[in-house]
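Structural overview for review
Here are the chains, one letter per residue:
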Amino acid sequence: MSNFISFKKISTCFVLMMVIMAALCGCGKNDIPASDVAEIDDLPGKTIGTQMGTTGDIYASDYTEQGSVIKQFNKGADAVMALKQGKVDCVIIDSEPAKKYVELNKDLSILPEDFVTEEYAACIAKGNDELLDKVNGAISQLKENGTLDKIILNYIGDNTGSSPYISPEDTKRTNGTLTMATNAAFEPYEYIEDGRIIGIDAEMIQAVADILGMELVIQDMEFDSIITAVASGKADIGVAGMTVTEDRLKNINFTQSYTTSHQVVIIRNGESDGASFIADFKDSFYTNFIAESRWKFVTNGILTTLRISFFAVLIGVAGGFILAIIRFSCDMNKKFRFLNSICKLYITIIRGTPAMIQLLIIYYVVFASSNIDAVLVATIAFGLNSSAYIAEIVRSGLSSIDEGQFEAGRSLGFNYVRTMLYFILPQAIKNILPALGNEFIVLLKETSISGYIGIRDLTRGGDLIRSRTYDAFMPLIAVALIYLIIVIFLSMLVGKLERRLKNDAR
């Protein structure tokens, strides 16, 4: 009991120390010097931050031949945070999101000269020429009647939010569903507000769906997964402030352009807002969690993470025990070697490849032509991944039991199955319980990659908050602490179960 109490005290102190230290580091005054970049011509030889897969990332790579180092980030907010911390000299990103970053960070500025001008278009899978023609026709109609201009002016300009697009009440949606893949972290083109994905792209495609008489469904995912989702048939159209490039045209088709944008360069200007620690911390907490009820991203994400983890554990335990018993029995009886080889191959492949790759393969390849729910896909993927590790854990536990236990069971008249069920497995489970508990914890944390297929889990919830507040510190720390609390709780349960089994053994 004393060990449990001391562990609880240590855990509490550790959590409090993390919060205080992270707050002091993240909310303190900015003393990073200004960027040594005053114009586009200064980019050679500098460290440049980009969002992976964007046009800025593509064009920035040309500077590597001039001595520049390109650091790619999954999200624009991450690149900007690296800039604020001095890890990169500048960030190349789209102009409208850049304005939001600079608006909320007084230590950042945008170079007056545009890096490059680009045209945005929607992507559609090759071979789907019928949909391409229909969408092009709808976009042309929106341009001609002025609807597209109104949608853009509703998000960019002096009268933002004054005239949102509203679908006509008499719209008949008899032509099926139009599934749109996007990355809702790109304000003002697509972002989440009050639980809905809104923005220029979302309203524009809604208007297109109204013209085509289709029901619009929007799937939120990582930016670099959009083209894959469209090409594999998981989505009909991809719209996320996407520029037409030669490399993209090799894998996907594009509609006509619907708007013009610019890539700009964000730099540090050396200024500081001079805010006190307490004021800055309170303001950051309110902006990230209270404003617009953003805390719901976290709470809903927790429920999704726990749901995936729970059912994945059930699949992993069932599959793992079956694999382990097959392998153990085959090794023991020297029979069914072919079946044993299949199990070995499965375990080798699963343990030898990253969980994220397995998740993407199952979603984009195995279930490419299916509209199966992404949460179910993630549950299956993580369950199959966990089963391989649990199989080896259980097999080691079975191997640790002395062969005399088998002989004793058989001598009492029990057959092989009953001997395994009543004598061997109970002893093996006691031996492997700590390892199983550790596997469950690892599985819980592995679910953090679910956002790659558009699932709003706990980690994705923090990402969505960052995409709206452009603040990396508070959402990341909150998500990390929640994972830590869940892991501590699971560790306590496993420890309690271990002590219970030990007492029963006495």
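Further up the page is the structure itself.
All figures in this text were calculated on a predicted structure; none of them were measured in a lab. Per-chain numbering applies: the sequence of each chain, read as written, is numbered from 1 onward. Restriction of local features to residues with pLDDT of at least 70 applies here, the model being predicted, together with a cutoff of 80 or more for giving and counting side-chain atom pairs; totals for whole chains, interfaces and linings are based on all residues. Side-chain numbers come from the whole structure's heavy atoms, not from hydrogens or water.

1. Quick look at the packing of aromatic side chains
This is how the line gets drawn: Stacked, edge-to-face and tilted are the three classes for Phe, Tyr and Trp ring pairs, Trp counted by its six-membered ring, which pair at centre distances within 6.5 Å; planes under 30 degrees apart are stacked, over 60 edge-to-face, the rest tilted. Helix and strand definitions follow DSSP, with helices as H or I runs of at least four residues and strands as E runs of at least two, each counted in order from the N terminus. Burial here depends on accessible area, computed with a 1.4 Å probe over protein chains only, as a share of the maximum for the residue type. Under 20% is buried, over 50% is exposed, and the range in between is partly exposed.
Using the criterion set out here, one finds seven aromatic pairs in the structure. Between Tyr63 and Phe115, the aromatic rings sit 6.1 Å apart at their centres with planes inclined by 35°, giving tilted as the arrangement. With Tyr63 in the loop between helix H2 (55–60) and strand E2 (69–73) and Phe115 in the loop between strand E4 (108–110) and strand E5 (116–120), this residue pair connects regions lying 52 residues apart in the sequence. Judged by its relative accessible area of 14%, Phe115 falls in the buried class. For the pair Phe310 and Phe311, a centre-to-centre distance of 5.1 Å together with 80° between the ring planes defines the contact as edge-to-face. Relative accessible area serves as the criterion here: at 41%, Phe311 is assigned to the partly exposed category.

2. Notes on helix H16 (residues 416–446)
Condition: In a helix, the anticipated span is given by 1.5 Å times the number of residues less one. Working definition for bend: take the seven residues up to and ending at a residue and the seven starting at it, fit an axis to each, and measure the angle between the axes.
Look at H16: only 37 Å from first C-alpha to last across 31 residues, short of the 45 Å you get at 1.5 Å a residue. When the local axis directions of H16 are compared, the greatest deviation, roughly 55°, occurs at Ile432, which is followed within four positions by the proline Pro434.

3. Looking at the sheet that holds strand E11 (residues 215–220)
The cut-off we apply is this: Here a strand pair is declared whenever DSSP counts at least two bridges between the two strands.
Judged by pairing direction, the sheet is mixed, and its five strands sit side by side in the order E11-E7-E12-E6-E13 without closing on themselves. Every interior strand has two partners, whereas the edge strands, E11 and strand E13 (253–254), have only one. Bridge count for strand E6 (residues 123–124) against strand E12 (residues 237–238) is two bridges, and the pairing is antiparallel. Residue pairing for E12: Cys123 is matched across the bridge by Gly238.

4. Quick look at empty space enclosed by the protein
Basically, it comes down to this: With a 1 Å grid laid over protein atoms only, a set of points is called a cavity when a 1.4 Å probe fits there but cannot get out and a pocket when it is open yet has protein on both sides within 12 Å along at least five of seven lines; lining residues have an atom within 4 Å of a point. Grid points are joined across faces, edges and corners, and a volume is the space filled by probe spheres set on the points. Under the scheme applied here, ten amino acids are nonpolar (Ala, Val, Leu, Ile, Met, Phe, Trp, Tyr, Cys and Pro), four are charged (Asp, Glu, Lys and Arg), and all others, including Gly, are polar.
Counted by the stated rule, this structure contains three cavities of 30 Å³ or more. By volume, the largest cavity is sized at about 80 Å³. Residue composition of the lining of the largest cavity, grouped by class: four nonpolar, seven polar and two charged. Of the pockets and cavities examined, the second largest cavity occupies roughly 60 Å³. Taken together, Gln51, Lys75, Gly76, Ala77, Tyr101, Asn183, Ala185, Asp463, Arg466, Ser467 and Tyr470 make up the lining of the second largest cavity. The leading source of residues in the lining of the second largest cavity is helix H17 (residues 458–469), at three residues.

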